[in-house]
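# Coordinate analysis (summary)
Listed below are the residues making up each chain.
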Amino acid sequence: MTMNTNVRLKPDTTYVCAMRVMTVLVFVASGFSGTASAQDADLDPRIVKLVAAISEERLETILKKLETFETRSTLSSTTSSTRGIGAAREWILQEMRSYSPKLQVSFDVHHVPKQGRITRDIELRNVMAILPGKSARRIYVSGHYDTVARPGGQGVTNSGGPARDPDAATPPPIDPNAPLDNRAPGVNDDGSGTALTIELARVFSQSGIDFEATLVFMCHAGEEQGLVGARLHAQKAVAEHIPIEAIFNNDIVGNDKGGNGIIDGATIRVYSEGPEDSPSRELARFVQRWGGRYVPSHRVRPMARPDRFGRGGDHSAYNQLGFTAVGFRESRENFTRQHDVRDTFEGISLPYLAQNSRVNAASAATLALAPPPPTVMSERGQPLMTRAPSGYDANLRWNASPGAAAYRIFWRDAWGPDWQHDLLVGNATNVVLPNMQIDDYVFGVAAIDAQGHESFVTAYVTPPRANTAIRSGQY
Ligand SMILES: [Zn+2]
């Protein structure tokens, strides 16, 4: 191991680094028995196979089954074996259990007293499938399986008008202790994210790949009452020091026809909280980079904001407790079907949902095979970047990531969202880029294992400075 190697990049040593790049890539390509072309060299054939295992037929079967429960409202009945959230969560549990003995499937149970939009005391159950990896660090793929329908749905909420739709859902019962059993099929919101999560549990657990990170396939409840299931799980993760590295949350990802008639089945939006080089933003850039490589036919559109205006999702519950999380959202929404009895299977495009599932699968698999992202902060909370040795250089240092065989540094002008340049630097924890003015660029570094699996980037960011109060007035 050559940790702490100091790589100073002059033209000749740059070439040495480039040769190391070739060594890594040739290793990957030589394991590929199919029809690999030159540009396939970055791709892991096992991930290619995993992504190809996503099945439109399986997604269809799951969505149609979820629709049969008629409502999956968190406040609906739990006593029926065929209708309501009790029946739905039991089916999701048994379905994921059937995939592989490697998958540890359980209810994540929380007792929730009446509060906010939870109108009576309930037992809330997230359904969680854990695929243990070699390390405890966790990567989540999630959706919410609960549903809601109210008169007029999201269309009326958006247009600000009163409920006037003859097909609209019946209003909730007056008795707050009665189950909220009005029909709320929720096939897209969020049957789509739920089906994606369940299908990824199947293909990951049946892939035969030993992942470095532990994968968690999480179907949340209580989202429609204020991200309740996600908040409870995130609170538990904080209290129990569960090392959650990333959350890929999917909510409304199955429809490609906007309510205004505009169709887009070839792109997906990925929302992330700021500021601009926050870990969640880096995760969004990672999805664009690696989802885009394995699924080049589907364009990932990172959005530099936490979510759509006035809308929320479970990723924000994790963000608010300090976790790295992004939210996938279909590109063109049909608000008249959301939170409405019309959120049925007819509103789903299976090819579109499958593409979104493939982007999630490629990103989660790459991240789960990669080393953890490097840390780049000193013990005093400052970025490990200086102008040494000349006083005019970019001198980047980082802490070694366990399992890393190489690192890739990234940079871009300090004005603009996308990385513009990258360079593989071998197994070093320090690199010097002569005459690069650190003030003019954003820099970052990712960790890479011996097979080329890359973490998301950790950026060098100066923490905001506290105000220094100056006394004025009397001498
Ligand atoms: Zn939703």
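Up top you'll find the structure we're talking about.
Description of the structure in this document. Fair warning: this is a prediction, and the values are worked out from it, not measured in the lab.

The rules behind these values
Residues numbered from 1 in each chain as written. Predicted model: local features only at pLDDT ≥ 70, side-chain atom pairs only at ≥ 80, totals over all residues. Core = buried A, V, L, I, M, F, W, Y, C linked by C-beta atoms within 7 Å. Buried ≥ 20, exposed ≤ 12 C-beta atoms within 10 Å, placed from the backbone. Helix = DSSP H or I, 4+ residues; strand = E, 2+ residues; numbered from the N terminus. Domains from an automatic or database assignment. Contact = placed C-beta atoms within 7 Å. Axes fitted to C-alpha atoms, helices over the stretch in contact; angles between N-to-C directions. Parallel < 35°, antiparallel > 145°, perpendicular 65-115°, else oblique. Left-handed = near helix turned anticlockwise from the far one by under 90°. Nonpolar A, V, L, I, M, F, W, Y, C, P; charged D, E, K, R; others polar.

## Examining the nonpolar core
Across soluble globular proteins, nonpolar side chains show a tendency to be buried alongside one another. Core analysis: the largest hydrophobic core is formed by 114 residues, its most contacted members being Leu215, Ala364 and Tyr407. The dominant element in this core, judged by the number of residues it contributes, is helix H10 (residues 350-369), at 11 residues. Each of domain 1 (6-32 + 371-459) and domain 2 (47-369) contributes no fewer than three residues to this core. Beyond its immediate stretch of four places on either side in the chain, Leu215 contacts Leu131, Gly133, Ile139, Phe204, Ala364 and Ala368.

## Focus: the environment of Asp175
Position of Asp175 relative to the elements: it lies in the loop between helix H5 (153-159) and helix H6 (191-205). Taking the number of C-beta atoms within 10 Å as the measure of exposure, Asp175 has 9 and is therefore exposed. For the pair Asp175 and Thr119, spaced 56 residues apart in sequence, the C-alpha separation works out to 9.6 Å.

## Describing the packing of helix H3 (residues 56-68) against H6
As a packed pair, H3 and H6 sit with axes 9 Å apart at the nearest point and diverge in direction by 130 degrees. By the angle class used here, H3 and H6 are oblique. Classified by chirality, the crossing of H6 by H3 is right-handed. Across the interface between the two elements, Arg58, Leu59, Ile62, Leu63, Leu66 and Glu67 of H3 pack against Gly191, Thr194, Ala195, Ile198, Glu199 and Arg202 of H6. A class-by-class count of the residues in the contact of H3 with H6 yields six nonpolar, two polar and four charged.

## A closer look at unusual backbone geometry
Between Asp189 and Asp190 the backbone carries a cis peptide bond, its omega angle lying at -5 degrees. In the segment running from Gly274 into Pro275, the intervening peptide bond is cis, with an omega of 0 degrees. Note on placement: Pro275 falls in the loop between strand S7 (267-272) and helix H8 (279-294). The phi torsion at Glu70 lies on the positive side, around 65 degrees, for a residue other than glycine. Looking at where Glu70 falls in the secondary structure, it is placed in the loop between H3 and helix H4 (85-97). We classify Glu70 as buried; it has 21 C-beta atoms within 10 Å.

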